[in-house]
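Here is what each chain is made of, one letter per residue.
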Amino acid sequence: QDQLRDEKKPEDLKLNLDSLATDLGVSVPSILPDSPLYPLKEIVRIVELVVTTDPISRADALLEQDNQKTVEAAKLIENSQSTESVNLALETLNSVSDDFNKLKAHTDEVVKLSQTEGEKVDQLVSAIIDNGLARQTVFSEIENNVHGDTYVAVEEVRTEVLTNGIDALLAL
């Protein structure tokens, strides 16, 4: 019975990943961190944030990028649980945590806009909460497919992402 459960898991993750990506408002990626094209994807992300001058739009873009990165990490685990894939997935998930620190560092800009664009700020807060819940579900799916030290490492990143997300919310 354990063997049947183990054989079924990659397909279960694939089905759940499609649904979870939809919940996060992104598609399942075709370019993953193990692709030679991934550095180009990262450069495009950086440029997008640099050229976006509106703090709320920048925060929205950062959230979308984090949703994409979370699904990318899950897709890596779905494709392979090799040491290299797991390490790349953990690195990708750690960058999501780092992004929440960036978001928190710029919350003062968003707070200033709350007087004139309160509705947009409220939508941002709702998006952070909704995406955070969906992201935690993706983390659960990843954890369901890893074991031992890898599980512990994913759980540590999950906790850090959650903590940094809450800190960013509290700063708003």
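Reference entry: report on the structure contained in this document. Because the structure is predicted, anything quoted here is derived from the model rather than measured. (Residues numbered from 1 in each chain as written. Predicted model: local features only at pLDDT ≥ 70, side-chain atom pairs only at ≥ 80, totals over all residues. Heavy atoms only, no water.)

### Observations concerning the overall build of the protein
When helices and strands are counted, the protein shows 7 helices and 0 strands. The order of helices and strands in the protein, counted from the N terminus, is α-α-α-α-α-α-α. Taken over the C-alpha atoms alone, the protein extends approximately 60 × 30 × 25 Å along its principal axes. In the protein, buried positions account for 41% of the 172 residues. In the protein, once contacts between residues fewer than 6 apart in sequence are set aside, the share between residues at least 24 apart is 76%. Accessible surface for the protein amounts to roughly 9300 Å². Of this, 53% is attributable to carbon and sulfur atoms. Computed over 15 positive and 33 negative side-chain charges, the inter-centroid distance for the protein is 1 Å. (Helix = DSSP H or I, 4+ residues; strand = E, 2+ residues; numbered from the N terminus. Buried < 20%, exposed > 50% of the residue type's maximum accessible area, 1.4 Å probe, protein only. Contact = heavy atoms within 4.5 Å. Areas by Shrake-Rupley, 256 points an atom, 1.4 Å probe, with all protein chains shown as cover. Lys, Arg positive; Asp, Glu negative; His and termini not counted. Charge placed at Lys NZ, Arg CZ, Asp CG, Glu CD.)

### A word on the side chain of R45
Here R45 lies in helix α2 (residues 38-51). Look at R45 and you get buried, because its relative accessible area is 5%. For R45, the side chain forms a polar contact with the side chain of E42, separated by 2.6 Å. Apart from residues lying up to four places away in sequence, R45 is in contact with Y38, Q65, Q68, K69 and E72. (Polar contact = N/O pair within 3.5 Å; in protein donor to acceptor, adjacent residues only side chain to side chain.)

### Describing the packing of helix α3 (residues 55-79) against helix α6 (residues 118-143)
At a minimum axis separation of 10 Å, α3 and α6 run at an interaxial angle of 10 degrees. Considered as vectors, α3 and α6 are oriented roughly parallel to each other. Seen from α3, the contacting residues are I56, A59, D60, L63, D66, N67, T70, A73, A74 and I77; seen from α6, they are K120, V121, L124, A127, I128, N131, R135, V138, F139 and I142. Residue composition of the contact of α3 with α6, by class: 13 nonpolar, 3 polar and 4 charged. (Axes fitted to C-alpha atoms, helices over the stretch in contact; angles between N-to-C directions. Parallel < 35°, antiparallel > 145°, perpendicular 65-115°, else oblique. Nonpolar A, V, L, I, M, F, W, Y, C, P; charged D, E, K, R; others polar.)

### What to know about the packing of α3 against helix α4 (residues 83-105)
Where α3 contacts α4, the axes come no closer than 9 Å and their chain directions differ by 165 degrees. Between α3 and α4, the angle falls in the class roughly antiparallel. Between α3 and α4 the crossing geometry is left-handed. Note on element contacts: α4 touches α3 through S85, V86, L88, A89, T92, L93, S95, V96, D99, F100, K102 and L103, opposite A59, L62, L63, D66, K69, T70, E72, A73, L76 and I77. (Left-handed = near helix turned anticlockwise from the far one by under 90°.)

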